[in-house]
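Read off the chains here:
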Amino acid sequence: METQKNPPGQPSPRSGSPDADSLSLPELLREEDRAIAQGEQKTKPPAMPSQESLQRLRRDRRAMLSIGVILLFVLIALVGPPIYQRIGGSYNSPTAGPIGPDTYHNFEHQELTRQDEGPSAQYWLGTDALGRDMLARLMQGMLISLTVAVLVEIVDIVLGVTIGVLAGYYGGWIDQLLARFTDIMFAFPGVLFVILLTGIFGAWADERLSAIPVIGENGNARLLLVSLGLAFTVWPLMARYVRGQTLQLREQQFIEAARMAGTSNARIIQRHMLPNLFSIVFIASTLNIANVIIGEASISLLGLGVRPPGSSIGLMIADGTATITVYAWETLLPSLILATIVLAFSFLGDGLRDAFDPRTKD
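As the structure is a computational prediction, the values presented were derived from the model and not from experiment. (Residues numbered from 1 in each chain as written. Predicted model: local features only at pLDDT ≥ 70, side-chain atom pairs only at ≥ 80, totals over all residues. Heavy atoms only, no water.)

## As for the overall build of the protein
Along the protein, the regular secondary structure elements total 13 helices and 2 strands. The proportion of buried residues among the 362 residues of the protein is 40%. Of the contacts formed within the protein by residues at least 6 apart in sequence, a portion of 64% connects residues at least 24 apart. (Helix = DSSP H or I, 4+ residues; strand = E, 2+ residues; numbered from the N terminus. Buried < 20%, exposed > 50% of the residue type's maximum accessible area, 1.4 Å probe, protein only. Contact = heavy atoms within 4.5 Å.)

The structure is reproduced here in C-alpha cells:
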C-alpha cells in the first residue's frame, strides 16, 4: 500500500509551519525560542496596584511640578546658606570693619547704614529695614518652616497611626475615648491653643531652652513649643482617618483568614494593617504639611514664634508690614515664598489622592 503524500505547498501534519521540514536544527531552535518569547509577552503579569498608582502620579503634571518645587526649596534651604556665604569679596563695613561674605550674608548680621536697599551684586534680593540680607533670611525662614513641618508630622504620624489603629481594630473604650477627645480638639481652635501655649511658656522657653547648644540664642527656642502645640492639634485628624480605614480593613477576608490561622493581633496589625494604611497616611501627611506651615507662619507673624535675631517667613512678613507702602518687596517676597510652598504641598497631596484612589477624582 502506497503511503499518501501531502500535496505540494501544504504543511506537514508533523510540523507547525510549511517550511519546517526544510529548516535545519539551529533554525528550528530559534523558531521555538521566538515562539516562547512571544508567549511570555502575551502572558505578561498585570502591574501591581502600587505601580499603577505611581504611573497615574507621573501622568499628573501638576503633582510632578509640585514635587520639583518642593525639592528645589528643600535644596535651597539646606545647601543654599553655606554656598551663599562663600560668594562675594571682602566688604569694609562702617560699623564692623572689614568683613567677608560669611558675615554679611548671614541672616543675623545687620548693616544699619544699608537699610532697605534693592537687589545688588552684594545683596542679591536687597536688605530689610535693619540692613539684613533678604535672601539669607528667606533661606533661613524656609528651613524653619520645613523643620517645624517635619517635627510636627513625626508626632502626627506616630500618635495618629498608633491610636487610630488601636481604636479601629479593638474598638471598645479606646474607640470611645478617641471619639470624645477628637470632638473636643475639633471644637477647640488649634491656632488658639498654640497661641496660649507660646504666650504662657514663651518666656520660659527663651530663658531655658536657649541654653541647649543645638538651639542656642538665635531666637529659635520657641520652635519646640510651636511644634509641640501644632502637633497636639493635628494628630486627632490623622487618627480619625486611620481609624476609618482600619474599620474597613478589619472586615476584609484576608484579615479573617489570618485570624482563623491563629495569627496574633499584633502580627496582623504589623503585617496586614500597617502596609495597607501607607497611602492614606502619606496623603494626609502631605496635605497637613501645608496647614502646619501656615500655622507656624501665623504664630511668628503674631510675634509668638521665632524671635529676633532669628528668621522665619511669618516674622519677615510682620517686619515688612511697617514699610509696605514704601518698600513693598520686603513683604511680597516672603509672602510669595509662603504661598508657593503651601500650594506645592496642596497640589502634591491632591495628586497623591487621585493617584492612590482614582475614584475620588472628579
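There is more to say after this.
## Some remarks on the confidence of the model for the protein
Here the protein averages 82 in pLDDT, while 82% of its residues score no lower than 70. When mean pLDDT is compared element by element in the protein, helix H3 (residues 61-84) scores highest at 95, while helix H1 (residues 25-42) scores lowest at 56. Throughout residues 1-5 the model reports pLDDT below 50, and contacts reaching past four residues in sequence, or to other chains, amount to 0 contacts. In the predicted structure, residues 7-18 sits below a pLDDT of 50 and forms 6 contacts with residues beyond four places in sequence or in another chain. (pLDDT = per-residue confidence, 0-100.)

## Let's talk about the packing of aromatic side chains
Aromatic rings in a pair are described by how distant their centres are and how their planes are angled relative to each other. Across all of its chains, the model carries 7 aromatic pairs by this definition. Centroid distance Tyr 104 to Tyr 123: 6.2 Å. Interplanar angle 75°. Geometry classified as edge-to-face. In this pair, Tyr 104 sits in helix H4 (residues 101-104) while Tyr 123 sits in the loop between H4 and helix H5 (134-170), placing the two residues 19 residues apart along the sequence. Both residues of the pair, Tyr 104 and Tyr 123, belong to the buried class. When the centroid spacing of 5.2 Å and the interplanar angle of 85° are considered together, the rings of Tyr 169 and Tyr 170 count as edge-to-face. On the accessibility criterion, Tyr 169 (7% relative accessible area) is buried. Assessed through its relative accessible area of 43%, Tyr 170 is described here as partly exposed. Ring pairing ties together the aromatic residues Tyr 91, Tyr 104 and Tyr 123, which thus form one cluster. (Phe/Tyr/Trp six-rings, centres within 6.5 Å; stacked < 30°, edge-to-face > 60°.)

## Concerning unusual backbone geometry
A positive phi angle, close to 55°, is found at Asp 116, a residue other than glycine. Secondary-structure assignment places Asp 116 in the loop between H4 and H5. The buried category is assigned to Asp 116, whose relative accessible area is 16%.

## Observations regarding the packing of H3 against H5
Between H3 and H5, the shortest axis-to-axis distance is 9 Å and the interhelical angle comes to 135°. One element, H3, and the other, H5, form an angle in the oblique class. Pair H3 / H5 crosses with left-handed handedness. Contacts between H3 and H5 involve Phe 73, Val 74, Ile 76, Ala 77, Leu 78, Gly 80, Pro 81 and Tyr 84 on the former and, on the latter, Leu 135, Ala 136, Met 139, Met 142, Leu 143 and Leu 146. Of the residues assigned to the contact of H3 with H5, the class counts are 13 nonpolar, 1 polar and no charged. (Axes fitted to C-alpha atoms, helices over the stretch in contact; angles between N-to-C directions. Parallel < 35°, antiparallel > 145°, perpendicular 65-115°, else oblique. Left-handed = near helix turned anticlockwise from the far one by under 90°. Nonpolar A, V, L, I, M, F, W, Y, C, P; charged D, E, K, R; others polar.)

## Looking at the environment of Asp 357
Among the structural elements, Asp 357 can be located in the segment after helix H13 (329-356). By relative accessible area, Asp 357 is classed as partly exposed at 26%. Along the sequence, Asp 357 and Ile 280 sit 77 residues apart, while their C-alpha atoms lie 9.3 Å from each other.

## Examining the pattern of salt bridges
If you walk through the whole model with that rule in mind, you get 8 salt bridges. Among the salt bridges present, the one from Asp 128 reaches Arg 137, with a minimum N-O distance of 3.8 Å. For the residue pair Asp 128 and Arg 137, the accessibility class agrees, reading buried in each case. Linking Arg 243 and Asp 175 is a salt bridge whose minimum nitrogen-to-oxygen distance equals 2.5 Å. (Salt bridge = Lys/Arg side-chain N within 4 Å of Asp/Glu carboxyl O.)

## Brief notes about the packing of H3 against H13
Interhelical geometry of H3 versus H13 gives an angle of 135° and a closest axis separation of 8 Å. Considering the angle they form, H3 stands oblique to H13. As H3 packs across H13, the resulting crossing turns out to be left-handed. Between H3, through Arg 62, Ala 63, Ser 66, Ile 67, Val 69, Ile 70 and Phe 73, and H13, the contact on the second element is made entirely by Ile 337, Thr 340, Ile 341, Ala 344, Phe 345, Phe 347, Leu 348, Asp 350 and Gly 351. Looking at side-chain class alone, the contact of H3 with H13 contains 11 nonpolar, 3 polar and 2 charged residues.

## Quick word on the environment of Leu 54
Within the fold, Leu 54 resides in helix H2 (residues 49-59). Taking the relative accessible area as the measure of exposure, Leu 54 reaches 43% and is therefore partly exposed. Separated by 298 residues in the primary sequence, Leu 54 and Leu 352 place their C-alpha atoms 8.8 Å from one another.

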